[in-house]
Amino acid sequence: MNRLSHVANLAKVYLSYTRRAEIVKSLPTRIWIEPTPSCNFSCGYCPHGMDQPFAKGLMKMELFTNVIDQLEGSLKDVNLFHRGESLIHPKLPEMIEYCSSRGMTTRLHTNAGLMTEERARAIIDAGLSYISFSVDGYVKPVYESNRVGGAFEVTLENIVRFLQIKKEKGTGPFSIVQVMEIGEEEDRKEERRETFKQRFNDLPLDRFVVRTPHNWAGDFAEFGCGVGGKPFSPCTFLWYSTTIFFDGTVVPCPQDFFGKLTLGNANDQPIADIWNGDQMRSLRRRMKERNVDGLSPCDTCDMLNRKTFMGVPVNYLSTFLKDNLLVK
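Values in this document were obtained by computation on a predicted structure and should not be read as measured data.

Here we come to the sheet that holds strand S9 (residues 264–265). Read across the sheet, nine strands follow the order S6-S5-S4-S3-S2-S1-S7-S8-S9 without closing on themselves; strand pairing throughout is mixed. Each end of this open sheet is capped by a strand with a single partner; those strands are strand S6 (207–210) and S9. Pairing of strand S2 (residues 77–79) with strand S3 (residues 105–110), which is carried by three bridges, proceeds in the parallel orientation. For Asp 77, the partnering residue across the bridge sits in S3 and is Thr 105. Sheet strands in contact with helix H2 (residues 61–71) are strand S1 (30–33), S2 and strand S7 (241–244), and its direction is about 175 degrees off that of S1.

To continue, consider the packing of aromatic side chains. Considering all chains together, one arrives at 10 aromatic pairs under this definition. Ring plane angle 80 degrees and centroid distance 5.3 Å describe the contact between Tyr 17 and Trp 239, whose orientation is recorded as edge-to-face. Remark: Trp 239 occurs in helix H8 (residues 237–240) and Tyr 17 occurs in helix H1 (residues 3–18); sequence separation between them is 222 residues. The exposure class assigned to Trp 239 is buried, which follows from its relative accessible area of 0%.

Before going further, it helps to examine the pattern of salt bridges. Scanning the model with the defined rule gives 19 salt bridges in all. Across the salt bridge formed by Asp 77 and Arg 107, the nearest N and O atoms sit 3.3 Å from each other. With a gap of 30 residues between them, Asp 77 in strand S2 and Arg 107 in strand S3 connect regions that are remote in the sequence. Under the relative-accessibility criterion, Arg 107 is labelled buried at 8%. Across the pair Arg 121 and Glu 117 runs a salt bridge, and its minimum N-O distance is 3.1 Å. A residue pair is termed a helical-turn pair when its members lie 3 or 4 positions apart in one helix, as Arg 121 and Glu 117 do in helix H4 (residues 117–125) at four residues. Taking relative accessible area as the criterion, Arg 121 reaches 24% and is therefore assigned partly exposed. Under the relative-accessibility criterion, Glu 117 is labelled partly exposed at 39%.

About the thresholds
- Residues numbered from 1 in each chain as written.
- Predicted model: local features only at pLDDT ≥ 70, side-chain atom pairs only at ≥ 80, totals over all residues.
- Heavy atoms only, no water.
- Pairing = 2+ DSSP bridges.
- Helix = DSSP H or I, 4+ residues; strand = E, 2+ residues; numbered from the N terminus.
- Contact = heavy atoms within 4.5 Å.
- Axes fitted to C-alpha atoms, helices over the stretch in contact; angles between N-to-C directions.
- Phe/Tyr/Trp six-rings, centres within 6.5 Å; stacked < 30°, edge-to-face > 60°.
- Buried < 20%, exposed > 50% of the residue type's maximum accessible area, 1.4 Å probe, protein only.
- Salt bridge = Lys/Arg side-chain N within 4 Å of Asp/Glu carboxyl O.

By themselves these figures say nothing about function.
This is the structure:
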């Protein structure tokens, strides 16, 4: 999809959102599609560190290609991750290539623990567009208390090697290192941050991001819970994106880790039917009415109270503009 077509689709989606339309005439422009929910880490603030069990497995390539084929023409961004570590899936490079060959932007968010040189070369050669490395801690004790199962130096070595390969090839995905400063003491934090960033000097790291943690739709209450007060901003996900688990389960939002709002299954129903089905229309109507009482997980999601500008959360606005309008 070329940029002009993408911007036109975004305009249609935006109008649907501002009008709070129950039926959205265009299909999703962005999806989260889960190669696997399995993970090599068990961090306390992600689904693998919580007490709620969920099924594990690998997405079948036939299901993956079927979903992509159904959305071709509207779909621009494919997030090839959700609850798990996507590098576990042996066919991840094939998934990337399948989307890239159709002009879709592919994104990978990874803990980097499994980023071998072989995997790095494979996903770069497949045409990955964006990669975000999640490293929550500037020093070994903080990182390893947050990233349970991870080894600080191994993770950093894997990221550095990936960036070296990207530099060697002269091409590769837009590369981000992302940190949530959980557990970082305020004393000399900026100094630790700068020392950490120096590890990537002279390497093609495109962006360093410090992210504000949120409550994962109420599943991690330490960072706030419940919807209350003002402002109330209807969830944008319902108008422009959808999320598909490894087994085909479709949910409306990437924060719904445990399928509390299951809409259908992509193995059994066309995505278009699910996208404007009774359940999605009801959810959009409830957002329009600002009525999420008893609607789990929406009723405990702090995202609905974040400040916005023209419908986009302010803290993500610059990233949204860069990703959708400014970056090729």
